[in-house]
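Given next are the chains, with one letter for each unit.
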Amino acid sequence: MSVAVRASNRPPKERRRRVAHKGAIGMFLTPFGVLFGLFYLLPIGYAIWQSLLVVERDGTYGAPRQVFGWFTQYALVLQNGPFWESVGRVLLFGVVQVPVMLGLALLFALLLDSPALKGKRFFRLAFFVPYAVPGVIAAIMWGFLFSPNLSPFTGVTQSIDFLSPELVLWAIANVVTWVYVGYNMLIIYSALLAIPQEIYEAARLDGAGQVRIAWSIKIPMVAPAIVLTAIFSIIGTLQLLAEPQVFRSFSSAVSSTFTPNMTVYATNSIPNINLAAAFSVVLALATFVLSFAFLKLTQRKADR
Amino acid sequence: MSLLTRTAGATADDATASGRKGPRESLLSRSAALIVMGVFTLYFLLPIWWLFIASTKDRGQLLTTPSLWFADFKLFENIGALASYGDGIYFRWLLNSLGYAGLGALLATVVASMAGYALAKYRFPGRELFFNVVLGGVLVPATALALPLFLLFSQVNLTNTYWAVLLPSIVSPFGVYLSRIYAAASVPDELIEASRLDGAGEVRTFFTVSVRLMTPALITVFLFQFVAIWNNFFLPLIMLRSEEFFPVTYGLYAWNTQLNQIPELRTYVLVGSLLSIIPLIITFLLLQRFWRNGLGSGSVK
C-alpha cells in the first residue's frame, strides 16, 4: 500500500505539464485495462445487478421471468440458516487454523534463521514442497491417509475417525496447513533475511541469547510480513472450497453447504442464480471487511 | 534494485549463517532445533512418499501390503493402464492444464508487465486512480469472481469452452503491482532516454531494452500466475461440463467422486495425482530463487 502513497508524492509542477507519449501509454495500458474491465469489474457489477432481481411466475406453471426486486435476495440471505452455519464454520476454522499455521511458519522461519540449525537448505526445500501440490490433489491424498482402510496408520485411523462429523473440519484444517505452512514460512523467512546483521551484533554484545534476540528483535521486525500472511490466510479461509468439496467423497459429514463458497456453488446448481449472486456479493464484502479490519487493528497496535 | 540484492543475499545465507561470529550454540539447542525440523520433515514429505509407494502397487497389494514400502513394482504398468483408460482422457486433462496455465500465465505476464511499466515510467492524469483500482483487484480473491464470471459467460454462451477458463486467467492485478515496483527500481530513466535518442519508439524500447531488465520480475509473475491457474478449482468446476475441457485437477476430482461405483479408478486417481504433481515440484525446486523474489516483494514496506 505504501507504494501508492510514495508514488503520489510527485512534485506538483509535473501535473501541469502536457502528457508526453500518449500513444505509447495507451498501447501499454489498453490490453490490461480492457481485460480487467471485462473479467473483473464487469462480472462484479453484473453479480450485484443479478442479486437485485427476483424470479416471478404467472401462476404455478407460467414462464419464469426476472423482475427487479430491490433487496429481496439479501433478505433471503439473512434468513438462510445453512449459509450462516457455513460462515460460522469457516470462522471457527480460521480462528484455530490460521494461528496454528502462522505460529508453525514463524517457528520454522526463526529456526531457519538461527545459527543453531544445520542443513537449512534441505529443510527449506522440504517444507516448501507441499505448496506445489494443488489443493484438490492434497485433499485426495490426505483423504486416503485418513480413511480407516487405506491409511498407513490404520492403528490410529481405526480408533480415531478423522472423517466423523466432529473431526472432519480439523482433518480439512490439517490439509490446508500442510499445503501452506512452507509458503508462509518463506514469506517470513525472506523478511528475516532483510534485517541488517549489525542489530544482532549489538544485542549479542549486550549479552542477549538467541531466544531473546528472536523474541525482542526478530519477531517485531517481521511483524509486517506476518500481518501480510495473516490477511492472505483470512481471505483463503473464507474462500475454502476445493478441499472440503473433495472430502465429500470420503466423509458423509461434509454437506453440500459446508463452506460459504460451496453454498454459492450448490445454490447456483439448483439453479437459483439470483440468490447465489447475493451470497457471492455478501461473501466478497465480508472478506474485504475482515481483512481490512484486521489490517487496521494491527496498525493501531503497532502505533501504540 | 532492492529485489535483486535481496535475492543475492538469500542464496548466500547458508554460507553466512555458518560463518557468523558469536558464541557457538549449545549442543542442547542444536539437537532440539534438529529434532523439531526432522519431525516436521516427516510430516511434510511422508504423504508424498506414501502416494509414490501407492502408485507402484496393483489394486490387490494396495490394501494388503505395508503402505510405506514397495511390494511388486507396478508403476509403469499402472501408468500404461492410466494412459489407455477412457481413450487416454487423463493425458488430455494434463495437456489442458498445461495449456490453461502455460498460455494463460504467458499472456498475463505480457499484459501485466506492459501496464506495470507504463505506471512506473510515464506520468499521466489518472495514473494513481488506475493503480489503486488494480490494487483493489489484488484483494478480490479469484473464487469470489467465479460465480459472477459464470453468470456473465452464460449470457454470451461461452460456458463449457476453453475460453471460459482461459480468458479470466489472463488478468493478474498482482502482476501489474509487482511489475510497477520492479520497473520503477530497475529500469533507469536515462536508459529509456538514450533509446529515444537512438530513434527507437516507446513500444520498441520496452520490448527490446526494458523487458530485459525486468526479466526476474517477469519470471516471478509468470510463476505465480501459472500456479494460481493450475490450482484454480472453482472456475473450472462452475464453468465446465464436458470432460474434454477439464484441467487435470477437476478430472481427478471427478474420478474421485466415482470411487464407490467404479473401484478400479482408485489406482488411476493415485497414479494420476502423482504424475500431475511431479512436474510442478521439479519446476518449483529449480526456480525457487524467483519464488523468494516475489514473496519478498509482497511484503515490501
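In this text, all values refer to a predicted model and were calculated from it rather than measured experimentally.

The rules behind the values
Residues numbered from 1 in each chain as written. Chains lettered and ligands numbered in written order. Predicted model: local features only at pLDDT ≥ 70, side-chain atom pairs only at ≥ 80, totals over all residues. Helix = DSSP H or I, 4+ residues; strand = E, 2+ residues; numbered from the N terminus. Buried ≥ 20, exposed ≤ 12 C-beta atoms within 10 Å, placed from the backbone. Rg over C-alpha atoms; globule rule 2.2 N^0.38 Å. Contact = placed C-beta atoms within 7 Å. Expected span 1.5 Å × (residues − 1). pLDDT = per-residue confidence, 0-100. Domains from an automatic or database assignment. Nonpolar A, V, L, I, M, F, W, Y, C, P; charged D, E, K, R; others polar. Axes fitted to C-alpha atoms, helices over the stretch in contact; angles between N-to-C directions. Parallel < 35°, antiparallel > 145°, perpendicular 65-115°, else oblique. Left-handed = near helix turned anticlockwise from the far one by under 90°. Core = buried A, V, L, I, M, F, W, Y, C linked by C-beta atoms within 7 Å. Pairing = 2+ DSSP bridges.

Asker: It is not clear to me how the overall build of chain B should be interpreted in this structure. Could you clarify?
Answerer: Counting its secondary structure elements, chain B contains 17 helices and zero strands. By residue count, 44% of the 301 residues in chain B fall in the buried class.

Asker: Please explain the overall build of chain A as it appears in this structure.
Answerer: Each helix and strand in chain A was counted, giving 15 helices and two strands. By the compact-globule yardstick of 19 Å for 304 residues, chain A is too spread out, its C-alpha radius of gyration being 25 Å. Considered along the principal axes of its C-alpha atoms, chain A spans approximately 85 × 75 × 40 Å. Here chain A holds 304 residues, and the buried ones make up 42% of them. For chain A, the share of sequence-separated contacts (at least 6 apart) that also reach a separation of at least 24 residues comes to 70%.

Asker: When you look at helix 10 (residues 173–186) of chain B in this model, what are you seeing that I'm missing?
Answerer: Along an α-helix, residues three or four apart share an orientation, since each turn contains 3.6 residues. With 14 residues, helix 10 of chain B extends 20 Å from end C-alpha to end C-alpha; this agrees with the ideal 20 Å at 1.5 Å per step. Along helix 10 of chain B, the residues classified as buried are Pro 173, Phe 174, Gly 175, Val 176, Tyr 177, Leu 178, Ser 179, Arg 180, Ile 181, Tyr 182 and Ala 183 of chain B.

Asker: Could you clarify how one ought to interpret the confidence of the model for chain B in this entry?
Answerer: Any segment with low pLDDT has predicted coordinates that should not be analysed in fine detail. Of all residues in chain B, 87% have pLDDT values of 70 or greater, and the mean over the chain is 82. Confidence drops under a pLDDT of 50 for residues 1–22 of chain B, and excluding neighbours within four residues, the segment shows 27 contacts in the predicted structure.

Asker: How should the domain arrangement of chain A be read in this particular structure?
Answerer: Residues and elements named next belong to chain A. In terms of domains, chain A is made up of domain 1 (17–71) and domain 2 (73–303). Distance from the C-alpha centre of domain 1 to the C-alpha centre of domain 2: 32 Å. Taken together, the contacts link nine residues of domain 1 with nine residues of domain 2. Looking at the side of domain 1 that touches domain 2, the elements that each hand over two or more residues are helix 3 (22–51) and strand 1 (53–57). Looking at the side of domain 1 that touches domain 2, the element that brings in the most residues is helix 3, giving four residues.

Asker: Can you walk me through the interface of chain A and chain B in this structure?
Answerer: At the junction of the two partners, chain A supplies 85 residues and chain B supplies 89 residues. With 17 residues, helix 3 of chain A is the largest single contributor of residues to the side of chain A that touches chain B. Among the residues making up the side of chain A that touches chain B, the classes are represented as 63 nonpolar, 17 polar and five charged.

Asker: I tried to follow helix 15 (residues 248–257) of chain B on my own but got confused; where do I start?
Answerer: For helix 15 of chain B, a buried count of eight out of ten residues is recorded, marking the element as mostly surrounded by other parts of the structure. Buried within helix 15 of chain B are the following residues: Val 248, Thr 249, Tyr 250, Gly 251, Leu 252, Tyr 253, Trp 255 and Asn 256 of chain B. Summarising the contacts, the buried residues of helix 15 of chain B are in contact with helix 7 (135–146) and helix 13 (242–247) of chain A together with helix 6 (89–121), helix 14 (234–239) and helix 16 (265–286) of chain B.

Asker: What's the story with the packing of helix 3 (residues 27–55) of chain B against helix 16 of chain B in this structure? I'm lost.
Answerer: Helix-helix packing is characterised by the crossing angle of the two axes and by the distance between the axes. Residue and element names in this part refer to chain B. The geometry of helix 3 relative to helix 16 is characterised by a closest axis approach of 9 Å and an angle of 125 degrees between their N-to-C directions. By the angle between their axes, helix 3 is oblique relative to helix 16. In this structure, the crossing between helix 3 and helix 16 has a hand that is left-handed. Touching Leu 51, Phe 52, Ala 54 and Ser 55 of helix 3 are Leu 270, Val 271, Ser 273 and Leu 274, all from helix 16. Of the residues assigned to the contact of helix 3 with helix 16, the class counts are six nonpolar, two polar and no charged.

Asker: Would you mind showing me how to read the nonpolar core here?
Answerer: The nonpolar side chains of a soluble globular protein tend to be buried with one another. If you look at the biggest cluster of nonpolar residues, it comprises 170 residues, and the most contacted ones within it are Ala 105, Ala 109 and Ile 188 of chain A together with Ala 115 of chain B. Sort the elements by how many residues they give to this core and helix 9 (residues 168–193) of chain A lands first, with 19 residues. Residues lining this core come from more than one domain, with at least three contributed by each of domain 1 (17–71) and domain 2 (73–303) of chain A. Apart from residues no more than four positions distant in its own chain, Ile 188 of chain A is found in contact with Ala 105, Leu 106, Ala 109, Val 222, Ala 225, Ile 226 and Thr 229 of chain A.

Asker: Even after reading the chapter, I still don't get the packing of helix 3 of chain A against helix 8 (residues 142–155) of chain B, so can you show me in this structure?
Answerer: Running from N to C, helix 3 of chain A and helix 8 of chain B point in directions that differ by 80 degrees, and their axes come no closer than 8 Å. Relative to helix 8 of chain B, helix 3 of chain A is oriented roughly perpendicular. Only Leu 145, Leu 147, Pro 148, Leu 149, Leu 151 and Leu 152 of chain B of helix 8 of chain B make contact with helix 3 of chain A, whose side of the interface consists of Phe 39, Tyr 40, Leu 42, Pro 43, Ile 44, Tyr 46, Ala 47 and Gln 50 of chain A. Across the contact of helix 3 of chain A with helix 8 of chain B, the residue classes tally to 13 nonpolar, one polar and no charged.

Asker: How do you make sense of the pairing of strand 2 (residues 64–68) of chain A when you look at a structure like this?
Answerer: For a regular strand, side-chain orientation follows a simple rule: the groups alternate between the two sheet faces. Residues and elements named next belong to chain A. The buried fraction of strand 2 is low, at zero of five residues. Sheet topology note: the strand 1/strand 2 ladder contains five bridges and is antiparallel. Bridge assignment links Arg 57 to a residue of strand 2, and that residue is Pro 64.

Asker: Would you take a moment to explain unusual backbone geometry for this structure?
Answerer: When glycine is set aside, most residues are seen to have a negative phi, and most peptide bonds are trans. Each neighbour pair has its own omega, and for Ile 270 of chain A with Pro 271 of chain A the value is 0 degrees, a cis peptide bond. By the secondary structure assignment, Pro 271 of chain A is in the loop between helix 14 (260–269) and helix 15 (273–303). Phi at Asn 160 of chain B is positive, roughly 60 degrees, even though this residue is not glycine. On the secondary structure map, Asn 160 of chain B appears in the loop between helix 8 and helix 9 (162–169). Asn 160 of chain B gets classed as partly exposed once you count the C-beta atoms within 10 Å, which come to 16.

Asker: Please explain the environment of Leu 158 of chain B as it appears in this structure.
Answerer: Residues and elements named next belong to chain B. Mapped onto the elements of the fold, Leu 158 is located in the loop between helix 8 and helix 9. Sequence separation between Leu 158 and Met 239 is 81 residues, and the spatial gap between their C-alpha atoms is 8.8 Å. Each residue touching Leu 158, except ones within four places of it in the same chain, is listed here: Phe 153, Trp 163 and Ala 164.

Asker: I tried to follow the environment of Val 221 of chain B on my own but got confused; where do I start?
Answerer: Residue and element names in this part refer to chain B. Mapped onto the elements, Val 221 comes out in helix 13 (residues 215–231). Along the sequence, Val 221 and Trp 93 sit 128 residues apart, while their C-alpha atoms lie 24 Å from each other. Residues contacting Val 221, with those up to four places away along its chain left out, are Thr 109, Ala 112, Ser 113, Ser 172, Gly 175, Leu 178 and Ser 179.

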